[in-house]
Amino acid sequence: MTVLKLLTPLSFLALAVALSGASAQQAGGQNALPGAGLVLESGQDRARDKVEFTGQQSFTEDELRAPLAESIRDVIESGVSPARGDDLAFYVGSFYRKAGFSKVEVGYQIRGGKIYLQIKEGPRTLLRKITFLGNGSIPEEKLYDYMIGATPERLAREPAKFPYTSAEISAGADRVRGLYLSEGYLKVTVDASQLQLSASGREAEVTVRIVEGPRFTVGDITLTGETIFPGAEIMTGFGEPLDGPFAPGKEVAMDRNLQSFYKSRGYYQAEVTPTADPARARNGRVPITFHVKPGPLFRFGATVANNESGRPRLRPDFLPKRFAHLRGQVYDPAKLDEVFREMLGTGLFENLRVSVTPAADRELRIDLTATEAKAKEIGFTLGASSYEGASVGIRLGDRNLFGNGRPLTFAVDFSQRGLRGELLYVDPWLFDTRFALRNRLYSESRQEQGYYKDTYGLRFDLTRKVLPHLELGTFLEGAQVTVSDATIDPALLGPTNYQIVTTGLTQTTDFRNDPINPGRGFVFTTSFELSAIANEPAFTRSIARFSYYLP
């Protein structure tokens, strides 16, 4: 009987959701074909029929074939030729040299429609030690890290992991040179050509000679042109230390940041031209001049959406309405990005792209290109606990009800304690405003210890984000509660048939870097509510919650 009481108020609504076409996404797979293993073995045999290795001692044939897979496939498909034999020999030699065999020799012969690769490995050379000379400002440990990505202790402990190759040493020297340049040593030279091999040729010591030269730093900053904003405010827009090292591209990075500063204040076509010449440096300080041409002030204009879905379900005006509140505001890419991320978070789109285009009257048209995601879903739950016992559940949902982009969800959960169901409708943009409405219709029948309880009710939550990190809200909830089959003393049980009405206020302060998968930041929520039973004040309740995320 209680099951019928639960299903009666929700059955038609559940049927409506089910009939709307909620469907499960099925994971597809490919079944292995009979004989697949035989095909692979046949391919290996064909490779052996076309290419054979001789003279290898340090590697197996399979280890040599792996990096040559594409070239061997080319031989199998296109045939044996001197050019392909020469390519295979080159790639085998490169493989050996990368492994530390600096004196390897690889030749080839073609006999009977087959390529024979002849390998003379020679000794394998391992890097034993690196000596840095002339480094006065950067410690050796850091230079080791840039050269080979390891400490001297690890090099001594695991020498087999550091084969000597001239290409890797040269690349390491370039990384060291880049490190010095980033620290302002614009005239640095790094020479890693001095090599000493052991008598057996199996150990190598490299000497890296460094001539640091003078260190350059950022000097006086000069602004020319139509700067518009006070100099002190502009300086905050550089985003770079104004007294740090002057590295190649330093002025370009500062230029890019200064352009972003102007664009975030509506000057979409702002141009900044930097000029910096280390030859004009005094005491190592390089003066930089930035010439500013801000251009006109732009505001957000109309929004144009292009839905590339095969059979679009969203209404054509859905996306333009979501961005409509930006129209007339001074252009700010951060505001545009905020709405864009909000749209991605709805789950309505498989792909969404946004761009802006200058239009008439100094407006920027917002161009959107969208591909819809599947909106309907079905989910199941299965669990058990010591009090609830075994439990099962089903959830039907449609994130795009009637093409309006509003989600509707119906869920039923059954456990050994009873049955619970709810219908949830969320309107994140009530009447196309920035208010959000959440409606929840629920019903529950449960066998608790000492009594049986039937509840059905309705709750409305109205919220709005008043600041980027602050959301305020209010709610109203009403429920009908019936208690029966009680074995508890009536004096202790309380009322058995009553209506309870609750109203309250909520706030959420959210500084998390990601609301779905936060890695840092905090969230602080509070609520205050007042409940009345039979039109008489019954109780008040306050709840606070604080969570802090530390990487």
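Please refer to the structure higher up on the page.
Residues numbered from 1 in each chain as written. Predicted model: local features only at pLDDT ≥ 70, side-chain atom pairs only at ≥ 80, totals over all residues. Heavy atoms only, no water.

**Q** So what exactly am I meant to see when it comes to the overall build of the chain here?
**A** Regarding its fold elements, the chain presents 13 helices and 22 strands. Taking 24 Å as the expected radius of gyration for a compact globule of 551 residues, we find that the chain reaches 36 Å, considerably beyond that expectation. Dimensions along the principal axes, computed over C-alpha positions, put the chain at roughly 100 × 75 × 50 Å. Restricting the contact set of the chain to residue pairs at least 6 apart, pairs at least 24 apart contribute 57%. (Helix = DSSP H or I, 4+ residues; strand = E, 2+ residues; numbered from the N terminus. Rg over C-alpha atoms; globule rule 2.2 N^0.38 Å. Contact = heavy atoms within 4.5 Å.)

**Q** Any chance you could explain helix α4 (residues 69-78) here in plain terms?
**A** Each α-helix turn comprises 3.6 residues. Residues three or four places apart therefore point the same way. Listed in full, the buried residues belonging to α4 are S71, I72 and V75. Taken down its axis, α4 places every buried residue within 100° of arc, on the same side. Residues of α4 that are exposed and point more than 90 degrees away from the buried face comprise E70 and E77. A positive phi of about 100° marks G79, the residue just after α4. (Buried < 20%, exposed > 50% of the residue type's maximum accessible area, 1.4 Å probe, protein only. Arc of directions from axis to C-beta.)

**Q** How should the pattern of salt bridges be read in this particular structure?
**A** Side-chain pairs of opposite charge can arise where the charged atoms are in close proximity. In this structure the tally under the stated criterion is 34 salt bridges. Of the charged contacts in the structure, one is a salt bridge between K114 and E52, with a shortest N-O distance of 2.7 Å. Of this pair, K114 sits in strand β3 (residues 114-120) while E52 sits in strand β1 (residues 51-54), and the two are 62 residues apart along the sequence. Here E52 falls in the partly exposed class, since its relative accessible area comes to 27%. The closest approach of N and O atoms between R128 and E205, which form a salt bridge, is 3.8 Å. Pair noted here: R128 is in strand β4 (residues 126-133) and E205 is in strand β6 (residues 203-211), with a separation of 77 residues, a long-range link. Overlapping salt bridges bring together D317, K321, R322, R406, D427 and D432 as one network. (Salt bridge = Lys/Arg side-chain N within 4 Å of Asp/Glu carboxyl O.)

**Q** Mind showing me how you'd approach the sheet that holds strand β16 (residues 418-427) here?
**A** In any sheet, the strands associate via hydrogen bonds between backbone groups, in a parallel or an antiparallel arrangement. With antiparallel pairing, 10 strands are arranged side by side in an open sheet as β13-β14-β15-β16-β17-β18-β19-β20-β21-β22. The open sheet is flanked by β13 (376-385) and β22 (536-549), the only strands paired with a single partner. Shown here is a sheet whose adjacent strand axes are inclined to one another by a mean of 15°, direction ignored. In this sheet, strand β19 (residues 470-484) lies alongside strand β18 (residues 451-467) in antiparallel orientation, the contact comprising 15 bridges. By the bridge assignment for β19, F460 is matched with L476. (Pairing = 2+ DSSP bridges. Axes fitted to C-alpha atoms, helices over the stretch in contact; angles between N-to-C directions.)

**Q** Is there a simple way to explain the side chain of D510 in this structure?
**A** With respect to the secondary-structure elements, D510 resides in strand β20 (residues 497-510). Only 2.7 Å separates the side chain of D510 from the side chain of R512, close enough to count as a polar contact. In this view, D510 contacts H469, P515, F522 and V523; residues no more than four positions away in its chain are not counted. (Polar contact = N/O pair within 3.5 Å; in protein donor to acceptor, adjacent residues only side chain to side chain.)

**Q** Explain the packing of aromatic side chains to me, please; I cannot follow it from the model alone.
**A** The description of two aromatic rings rests on the distance between their centres and on the angle between their planes. Inspection of the entire model under this criterion finds 21 aromatic pairs. Ring geometry for Y268 against Y331: centres 5.5 Å apart, planes inclined by 90°, an arrangement best described as edge-to-face. One end of the pair, Y268, is in the loop between α10 (250-263) and β8 (271-276); the other, Y331, is in the loop between α11 (318-323) and α12 (333-345), with 63 residues separating them in the sequence. The buried category is assigned to Y331, whose relative accessible area is 7%. Here the aromatic residues F59, F95, Y96 and F101 are joined through ring pairs into a cluster of three or more. (Phe/Tyr/Trp six-rings, centres within 6.5 Å; stacked < 30°, edge-to-face > 60°.)

**Q** Please explain the sheet that holds β8 as it appears in this structure.
**A** Read from one edge to the other, the open sheet built from 3 strands follows the order β7-β9-β8, with strand pairing classed as mixed. Single-partner strands in this sheet number two, and they are β7 (217-225) and β8. Pairwise comparison of adjacent strand axes, ignoring direction, gives a mean angle of 20° for this sheet. Judged from the 7 bridges that link them, β7 and strand β9 (residues 285-293) form a sheet pairing that is parallel. Along β9, the bridge assignment pairs T222 with T289. In the packing of α10 onto the sheet, the strands contacted are β7, β8 and β9, and the crossing angle to β9 comes to about 30°.

**Q** Looking at this model, I keep getting lost on the nonpolar core. Mind explaining?
**A** In terms of nonpolar packing, the biggest core is built from 24 residues, with L127, F132, L143, Y180, V208 and I210 touching the most fellow members. Of all the secondary-structure elements, those providing two or more residues to this core are β4, α6 (140-148), α8 (166-182), β5 (189-197) and β6. Considering each element in turn, this core owes the most residues, 5 residues, to α8. Every residue in contact with L143, bar those within four places of it in the chain, is listed here: F132, N135, I138, V176, L179, Y180 and I210. Y331, M343, L352 and V356 belong to the second-largest nonpolar core, a separate cluster that totals 21 residues. (Core = buried A, V, L, I, M, F, W, Y, C linked by side-chain atoms within 4.5 Å.)

**Q** Help me understand the packing of α4 against helix α5 (residues 82-98) in this model?
**A** Geometrically, a packed helix pair is captured by the angle between its two axes and the distance between the axes. Put simply, α4 and α5 touch, their axes get as near as 10 Å, and they point 165° apart. By the criterion of interaxial angle, the relationship of α4 to α5 is roughly antiparallel. Between α4 and α5 lies a crossing of left-handed hand. Side by side, α4 and α5 meet where S71, I72, D74, V75 and S78 of the first sit next to R84, L88 and Y91 of the second. Residue composition of the contact of α4 with α5, grouped by class: 4 nonpolar, 2 polar and 2 charged. (Parallel < 35°, antiparallel > 145°, perpendicular 65-115°, else oblique. Left-handed = near helix turned anticlockwise from the far one by under 90°. Nonpolar A, V, L, I, M, F, W, Y, C, P; charged D, E, K, R; others polar.)

**Q** Sorry, what's going on with the pairing of β22 here?
**A** Within a regular strand, side chains alternate between the sheet's two faces. Counting buried positions over the 14 residues of β22 gives 1, only a small fraction of the element. Both strand β21 (residues 521-533) and β22 contribute to a ladder of 13 bridges, which runs antiparallel. Its bridge partner being in β22, V523 is matched across the sheet by S547.

**Q** Would you explain α12 in this entry?
**A** An ideal rise of 1.5 Å per residue puts 18 Å on 13 residues; α12 measures up with 18 Å between its terminal C-alpha atoms. Every buried residue belonging to α12 is among L336, V339, F340 and M343, and all of these are buried. On an axial view of α12, the arc spanned by its buried residues comes to 100°, and they lie on one face. Exposed and oriented more than 90 degrees from the buried face of α12 are R341 and G345. The inward-facing, buried residues of α12 contact β10 (299-307), α11, β11 (349-359) and β12 (363-372). Near the N-terminus of α12, the side chain that reaches the backbone nitrogen of A334, with its oxygen 3.0 Å away, is that of D332. Looking at the residues trailing α12, positive phi occurs at G347, about 75°. (Expected span 1.5 Å × (residues − 1).)

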